There are 2 protein chains.
Amino acid sequence: MLEYHKNLEIFGDIEEVSMDNYKAYLGNVIYSQDKDTLVVKEKSYILVQDGIVQGIFKDLPEGFPQENIIDWGNNLIIPGFSDMHVHASQFLQRGMGMDKKLLDWLNTYTYPTEAKFQDKEHAKKIYGLFVDELVRQGTLHVNCFSSIHYEASEILFELLLERGLFAFTGKLNMDQNSPEFYLEDTESSLRSTEVFISNYRQKGNVQAAIVPRFTITCSEELLAGLGKLAQQYGTPVHSHMCEAISTIKASKELFPNYKNEAEVFYHNNLLGQTPTIMAHCIFMDDDVVQLMQNPNCMAVHCPDATANINAGGIMPVKKLLEMGINLAIGSDIGSGASLSIARGIASTIQHSKIRNMFDPQWEAVNLSEAFYMATRSGGRYFNKVGAFDKGYHFNALVIDDSNFPGENLTSLERLERFCYAGDDRNIVMRYIVGKELII
Amino acid sequence: MLEYHKNLEIFGDIEEVSMDNYKAYLGNVIYSQDKDTLVVKEKSYILVQDGIVQGIFKDLPEGFPQENIIDWGNNLIIPGFSDMHVHASQFLQRGMGMDKKLLDWLNTYTYPTEAKFQDKEHAKKIYGLFVDELVRQGTLHVNCFSSIHYEASEILFELLLERGLFAFTGKLNMDQNSPEFYLEDTESSLRSTEVFISNYRQKGNVQAAIVPRFTITCSEELLAGLGKLAQQYGTPVHSHMCEAISTIKASKELFPNYKNEAEVFYHNNLLGQTPTIMAHCIFMDDDVVQLMQNPNCMAVHCPDATANINAGGIMPVKKLLEMGINLAIGSDIGSGASLSIARGIASTIQHSKIRNMFDPQWEAVNLSEAFYMATRSGGRYFNKVGAFDKGYHFNALVIDDSNFPGENLTSLERLERFCYAGDDRNIVMRYIVGKELII
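Since we're looking at a predicted model, the values are computed, not measured.

### Describing the overall build of chain A
Each helix and strand in chain A was counted, giving 13 helices and 18 strands. Taken against the 2.2 N^0.38 rule, which gives 22 Å for 439 residues, the C-alpha radius of gyration of chain A at 22 Å falls within 12% of a compact globule. Counting only C-alpha atoms and orienting by the principal axes, one finds that chain A spans roughly 70 × 50 × 35 Å. Considering only contacts in chain A between residues 6 or more positions apart, those separated by 24 or more positions represent 74%. For chain A, the exposed surface amounts to about 15300 Å²; the carbon and sulfur share of it is 47%. Across chain A, the 38 positively charged side chains and the 56 negatively charged ones have centroids separated by 2 Å.

### Topic: the sheet that holds strand β5 (residues 81-87) of chain A
Paired through backbone hydrogen bonds, the strands of a sheet run either parallel or antiparallel to each other. Taken in spatial order, the five strands make up an open sheet running β5-β6-β7-β10-β9 (chain A), and their pairing is mixed. Each of the sheet's edge strands pairs with one partner strand only, and the pair in question is β5 and β9 (202-203) of chain A.

### So, the packing of aromatic side chains
On inspection of all chains with the given rule, the structure shows 27 aromatic pairs over all chains. Both rings, one in A:Phe388 and one in A:Phe394, keep their centres 5.8 Å apart while their planes meet at 40°; by these two values the pair is tilted. Relative accessible area serves as the criterion here: at 2%, A:Phe388 is assigned to the buried category. Among the residues examined, A:Phe394 registers a relative accessible area of 0% and is labelled buried. Ring geometry for B:Phe157 and B:Phe196: centres 6.2 Å apart, planes at 80°, overall edge-to-face. Note that B:Phe157 is positioned in helix α4 (residues 150-163) and B:Phe196 in helix α5 (residues 186-199), a separation of 39 residues in sequence. For the pair B:Phe157 and B:Phe196, one class covers both residues: buried.

### A look at the nonpolar core
Counting 253 residues, the largest nonpolar core has A:Met241, A:Met292, B:Met241 and B:Met292 as the members making the most contacts within it. Excluding anything up to four places from it in sequence, A:Met292 contacts A:Met241, A:Leu271, A:Met278, A:Cys281, A:Met284, A:Cys297, A:Met298, A:Ala299 and A:Ile325.

### Looking at the pairing of strand β6 (residues 139-145) of chain A
Residue and element names in this part refer to chain A. Burial within β6 is extensive, with seven of its seven residues counted as buried. One ladder, built from five bridges, connects β5 with β6; its direction is parallel. Among the inter-strand pairings, Val-86 is bridged to a residue of β6, identified as Cys-144. Bridge count between β6 and strand β7 (residues 166-170): five bridges; the pairing is parallel. Looking at the pairing, Asn-143 lines up with Phe-168 of β7.

### Things to note about the domain arrangement of chain A
Often, the extent of an interface is quoted as the loss of accessible area upon association of its parts. Residues and elements named next belong to chain A. The assigned domain composition of chain A is domain 1 (9-80 + 386-436) and domain 2 (81-377). Placing the centre of domain 1 and that of domain 2 at their C-alpha centroids yields a distance of 31 Å. In this assembly, 31 residues from domain 1 lie in contact with 26 residues from domain 2. Together domain 1 and domain 2 conceal approximately 2300 Å² of surface at their shared face, both sides included; 66% is due to carbon and sulfur atoms. Of all residues in domain 1, Lys-35, Cys-419 and Tyr-420 give up the largest surface area on contact with domain 2, accounting jointly for 27% of the area buried on that side. Taken together, domain 1 and domain 2 are joined by nine residue pairs in polar contact (both at pLDDT 80 or more). Breaking the side of domain 1 that touches domain 2 down by element, the ones donating at least two residues are β1 (22-34), β2 (37-49), β4 (69-79), β16 (396-399), α13 (411-421) and β17 (427-432). Residues of the side of domain 1 that touches domain 2, tallied by class, amount to 17 nonpolar, seven polar and seven charged.

### Concerning the relation of the copies chain B and chain A
Relative to chain A, chain B is turned by 180° and slid 0.0 Å along the rotation axis, the superposed coordinates differing by an RMSD of 0.0 Å. Such a combination of turn and shift is consistent with a two-fold rotation axis. Proximity to the rotation axis, assessed at the C-alpha, singles out B:Phe358 in chain B; its C-alpha lies 3.1 Å from the axis. The fraction of interface residues of chain B whose copies in chain A are also interface residues reaches 98%, indicating that both copies meet through the same surface.

### Quick look at the sheet that holds strand β12 (residues 237-241) of chain B
Residues and elements named next belong to chain B. Taken together, the four strands give an open sheet; going across it, the order is β12-β13-β14-β15, and neighbouring strands pair in parallel fashion. Pairing within the sheet leaves two strands with one partner each, and these edge strands are β12 and β15 (326-329). Ignoring strand direction, the axes of neighbouring strands in this sheet form an average angle of 30°. With respect to the sheet, helix α13 (residues 367-377) is in contact with β14 (297-301) and β15, its orientation differing from that of β15 by roughly 95°.

### Considerations on unusual backbone geometry
A cis amide bond links A:Ile333 to the next residue, A:Gly334, at an omega of 0°. Secondary-structure assignment places A:Gly334 in the loop between β15 (326-329) and α11 (341-358). Notably, A:His280 is not glycine yet its phi reads approximately 85°, a positive angle. Considering the arrangement of structural elements, one finds A:His280 in strand β13 (residues 276-280). The residue B:Cys281 is not glycine, and still its phi comes out positive at about 45°. Its place among the elements puts B:Cys281 in the loop between β13 (276-280) and α9 (286-292). For B:Cys281, a relative accessible area of 0% corresponds to the buried category.

### What about the interface of chain B and chain A?
Taken together, the contact between chain B and chain A spans 45 residues of the former and 44 residues of the latter. Approximately 4200 Å² of surface area, both sides summed, lies buried where chain B meets chain A, with 54% of it carried by carbon and sulfur atoms. The interface formed by chain B and chain A holds two salt bridges in total. One salt bridge connects A:Asp424 with B:Arg425, and the closest N-O pair in it is separated by 2.7 Å. Our count for the chain B to chain A interface comes out at 22 residue pairs in polar contact (both at pLDDT 80 or more). At the level of secondary structure, the elements contributing two or more residues to the side of chain B that touches chain A comprise α3 (120-136), α10 (303-309), α12 (341-358) and α14 (411-421) of chain B. It is α12(B) that provides the largest number of residues to the side of chain B that touches chain A, a total of ten residues.

### Examining the confidence of the model for chain A
All names here are of chain A. Of the residues in chain A, 96% reach a pLDDT of 70 or more, and the chain-wide mean stands at 94. Note that residues 1-10 has pLDDT below 50 and, in this model, 20 contacts with residues that lie over four places away or in other chains. Of the two predicted TM-score estimates for the complex, the pTM is 0.96 and the ipTM is 0.95.

### A short note on helix α4 (residues 186-199) of chain A
Residue and element names in this part refer to chain A. Across its 14 residues, α4 extends 20 Å between first and last C-alpha, which sits within 8% of the 20 Å expected from 1.5 Å per residue. Those residues of α4 lying buried are Thr-186, Ser-189, Leu-190, Ser-192, Thr-193, Phe-196 and Ile-197. Buried residues along α4 sit against α3 (150-163), β7, β8 (172-173), β10 (206-208) and α5 (220-233).

Rules used throughout
Sequence order as written defines the numbering, with residues in each chain counted from 1. Naming scheme: in the order in which they are written, chains are lettered from A and ligands are numbered from 1. Local features in this predicted model are restricted to residues whose pLDDT is 70 or higher, and side-chain atom pairs enter the listing and the counts only when it is 80 or higher, whereas totals over whole chains, interfaces and linings include all residues. Side-chain metrics in this entry use all non-hydrogen atoms of the structure; hydrogen atoms and water are not considered. Each helix corresponds to a stretch of at least 4 residues labelled H or I by DSSP, and each strand to a stretch of at least 2 residues labelled E; elements are numbered beginning at the N terminus. All radius of gyration figures rest on C-alpha atoms, and the globule criterion is 2.2 Å times the number of residues raised to 0.38. Whether two residues are in contact is decided by their heavy atoms: any pair within 4.5 Å suffices. Computed by Shrake-Rupley with a 1.4 Å probe, the accessible areas treat only the displayed protein chains as cover when residues are assessed. Lys and Arg are tallied as positive, Asp and Glu as negative. Neither His nor the chain termini are counted. Charge positions are represented by NZ for Lys, CZ for Arg, CG for Asp and CD for Glu. Should DSSP find at least two bridges between two strands, the strands are taken to pair. Two rings from Phe, Tyr or Trp (for Trp, the six-membered ring) form a pair when their centres are within 6.5 Å of each other. A pair whose planes differ by under 30 degrees is stacked, one over 60 is edge-to-face, and the rest are tilted. Type-normalised accessible area, obtained with a 1.4 Å probe on protein chains alone, sets the label of each residue: buried when under 20%, exposed when over 50%, and partly exposed for intermediate values. To form a nonpolar core, buried Ala, Val, Leu, Ile, Met, Phe, Trp, Tyr and Cys residues must be joined to one another through side-chain atoms within 4.5 Å. Here the bounds of each domain stem from an automatic or database domain assignment. By definition, the buried area sums, over both parts, the 1.4 Å-probe accessible area that each loses when the two are put together. Think of a polar contact as two N or O atoms within 3.5 Å of one another; within protein, one of them needs to be a possible hydrogen donor and the other a possible acceptor, and neighboring residues in sequence only count if both atoms come from side chains. Side-chain classes follow a simple rule in which Ala, Val, Leu, Ile, Met, Phe, Trp, Tyr, Cys and Pro form the nonpolar group, Asp, Glu, Lys and Arg form the charged group, and the remainder, Gly included, forms the polar group. Least-squares superposition of the copies uses the C-alpha atoms of those residues scoring a pLDDT of at least 70 in each of them. Helix axes are fitted only over the stretch in contact, all axes being lines through C-alpha atoms; the angle between N-to-C directions runs from 0 to 180 degrees. Each salt bridge in this description consists of a side-chain nitrogen of Lys or Arg and a carboxyl oxygen of Asp or Glu lying within 4 Å of one another. Confidence scores here are pLDDT values: one per residue, from the predictor, ranging 0 to 100. Given the number of residues in a helix, its expected span is that number minus one, multiplied by 1.5 Å.

Written out as structure tokens, the structure is:
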């Protein structure tokens, strides 16, 4: 294959090897470099070797094997989305009970829906549909809960693994303040969590997480035990924090010795000691913000869920971005209704604008910032996903927006339109580590 | 057909006629009786004669012709949606430029996009796509603008007529404060409007409307002339009012002799003298509210558009509903991105919740209120549409939500889920005056 070598200079620092195991994906490439920078490379080739991005180029060397070029024409190629907070076990209840308040909604809809996952056949069926819908919506990186049931959590883990997704997933923990039909005792909750995280530490790109539901449903004994496990196994942690005025008040009554929920987690080794993903983070005072500025911590904004369940506020996204807190977007099914993170991008921007109307201190979020949260920033705890830097996994979506009429549009305008007005029908291909994902 | 007569008592006060020209649509029927009452009739027949609803019944009389029963099984049957504020001429630009402010967005995106409708071929193509998309999204009743161009406005009128939709549509008027390439002189604006409303007073279920864009782009001479035409021809009026802090300020500078935009319209016979539809109405003081309490006036809430363009506030929907102001929902393409009024229902509720977080004086809107706005209330100026009362047109959508798993759900839960998580794929049939509308 020596004839390629003379053209290799255009590939930059790619080693001088045969081109046969390279693939080149041609399209209009967009990804986030940082929150303020969207890289746009129109009509360019993403060069991929064994599922890993090697670079993006305007041209290929003479003699590059034609059969290794995948020509997506005028379509957009963007990174797969990262959905960093979603309850797989609530997939059945999305879009219902939205006129209820959080705690009432949990008792009427959520706990009975989750309790059904004791039945393994039910778990197989519903989690199968859930993972299919993730893929359909272009979510290739996900941080999702199961229920409190060990077997259902295993099933969800295996389904994520089977599809090749990059994921954290865990068995929920709750040993208090829940209905009798959906409650664990502290000891068995800890025991089954340890079995789960030791059996499922990491397989493929899926990793077990420790998932205390929120402080209200966990005794301090349980939290302390979970924190110990997290440290012992180096396991990531996923929970809810500073979500609603009602939950903050209830938590304060349950944990009077701590200033806030963040302290409860922190002192029990569940905040920042290992990678920690906290959903919501709407009401954070300066102490909490300081804890969350740890690079091991991420706050997940769930715009639709927050609006639906009337938490009492909207995350001050712009402020947290400027303070350097790692941010992501979550669909938060079932208080969110849609698994589309593209729609989550539009909602993040919209809700930040409405927030700004009533609290003008912080500007609204823009497309670059929201797209960054939904891709690169959201994917930061997985191994090199959510962007097309050299060395990143080629986890990508091809966006065909030819159903929208329009002339002389920039690729960025088309990306924006897809987020606001498109849907899963516009995603015509999904790649994970360079392999086609079939829906 | 005497054999039917003995069973007619179950039809209530239907005249004693043959059943042969009746059709019976079987499904789970939902419609609004008023803002607080959703009528739900599960597994019932909507009896329709020549496209007009005769009643809803649990059973049919013995001998009702089997071939006249249309069995939609477990599907929902709901009224078609009413989109009461939408710019057909902005169909090409939806979902783009959303990070801009209103006046900047108008100059960069909107005026150049609308100016292209001088070309009749362009108008035919884009308006054709627009009307197709209305139908696809289940919007059967619509109040839409064209551009300032007479011929394009004719084309839009004819396309709406051809599809059998119930519609108001008009030629935009603007004789000041617009770019040179998209501006009329006062006299020709008035002349072409008069020709339009006299030629297109009413054909089928489509009626011409008088459409001053907003006070900023209309001289008082133009407004006075349009008001005179409205009175002379009894033509409905459609415009924007009390939309954004920036536009209110600009209007105040242009019309210093009036207290507010509503007075400008009112004193020029463009507010309540004929049926009047005003988009936005976000910032209304008591004087304006009083003018809008006229039964001839309707305010249109455009939730997505308001959020996208950062108007500075959200319509206080609950307050206006309780004050008895007629309210509707508008997609407001192109500052809104989607023609789905189902999505508009969910956004109306969500945005009212966010508004309530920051301004707790007025509660959030619920599903019943938002659905009422989107169907019956929105359709009130058309002739008996948006509900299934006896005598109403059978303008209906059949909703198949079998792609959502779920057991033992009520029809109302399924309606809510469709609005929050469904899309046009769930609409499997559209009827207009009892006829199937093919997409």
